[in-house]
Amino acid sequence: MKRKFIRKKSLFRERPDYKSIGYARQSSNKQISIDTQIEELKNAGCVVVFHETISSVNKGRPEFETALGILEEGDEIVFTNLDHGFRNKRQCINTLHYLQEKGIHVRTTDGMINTRALGKFAPVVIGLLSGLGEVERQMMIERTQESINHRRETGGNLGGRPKTNNEKEGLVLRLRE
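Quick summary incoming for the structure in this document. (Residues numbered from 1 in each chain as written. Predicted model: local features only at pLDDT ≥ 70, side-chain atom pairs only at ≥ 80, totals over all residues. Heavy atoms only, no water.)

1. Side note on the sheet that holds strand E3 (residues 76-79)
Put simply, the rule is: A strand pair is defined by DSSP finding two or more bridges across the two strands. Only DSSP runs of H or I covering at least 4 residues are called helices, and only runs of E covering at least 2 are called strands; the numbering of each starts at the N terminus. Here an axis means a line fitted to C-alpha atoms, over the contact stretch when the element is a helix, while the angle between two N-to-C directions is reported on a 0 to 180 degree scale. Contact criterion: two residues are considered in contact whenever any of their non-hydrogen atoms come within 4.5 Å of each other.
If you trace the four strands from one edge of the open sheet to the other, you get E2-E1-E3-E4, paired in parallel fashion. On the outer flanks of this sheet lie strand E2 (48-53) and strand E4 (105-108), each paired with one strand and no other. Between one strand and the next, the sheet's axes are offset by a mean angle of 25 degrees, whatever the strand orientation. In the sheet, E3 pairs with E4 via four bridges, with the strands oriented parallel. Across the sheet, the residue bridging to Phe79 is Thr108, located in E4. Against the sheet, helix H1 (residues 35-43) contacts strand E1 (20-26), E2 and E3, and its axis sits at roughly 165 degrees relative to E1.

What follows is the structure, given as structure tokens:
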């Protein structure tokens, strides 16, 4: 006698049992438009995208706090990349620990992080990646400072437009006439 298999749940869900909340941040208006991040997060399935233009060194990020406040167990917060969510390694690990205790997952659209898929290895991977990001930022700051010091010592240009002298200004004014 052959038994018939009866599927209790559909193989394909219309919607996931959790909500994806997006967070987009840019440090200043001079950076590439935040609209690109927002569009990417919407395409990744985020039902709501919180966004703000605020430096990561600022202590308060009201939109980020609001996004964290509406997440419930099983939900996920999505970033375009890990740098947009956290200021430094310590804040990243502390926030991740807090989110894991609440049963909330973290995902990036660049594919680097998905704590739902990583399971118990998530803190290790995120700690490593955020640590590497922090080292990269520190190295960039050091290289910039070395360049500034070198230019000061050698009398080089520190930036901005070079100053003109009175003779060159007079020449330019005569040529314009």
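Picking up after the structure, the text goes on.
2. What about the side chain of Thr95?
Positionally, Thr95 belongs in helix H3 (residues 89-101). Setting aside anything within four residues of it in sequence, one finds Thr95 in contact with Phe64, Leu68 and Phe86.

3. Side note on the packing of aromatic side chains
By convention here, two paired aromatic rings are described through the distance between centres and the angle between planes. The line we're drawing: Only centres within 6.5 Å qualify two rings of Phe, Tyr or Trp (six-membered ring in Trp) as a pair; their planes then separate them into stacked at under 30 degrees, edge-to-face at over 60, and tilted for everything else. Cation placement over rings: the criterion is NZ of Lys or CZ of Arg within 6 Å of the ring centroid and within 35° of the ring normal.
Taken as a whole, this structure holds three aromatic pairs when the rule is applied. Three or more aromatic residues link up through ring pairs in this structure, and these residues are Tyr23, Phe64 and Phe79. Lying over the aromatic face of Phe64, Arg61 brings its terminal NZ or CZ to 4.5 Å of the ring centre. Here Arg116 stacks its cationic end above the ring of Tyr18, 3.7 Å away from the centre of that ring.

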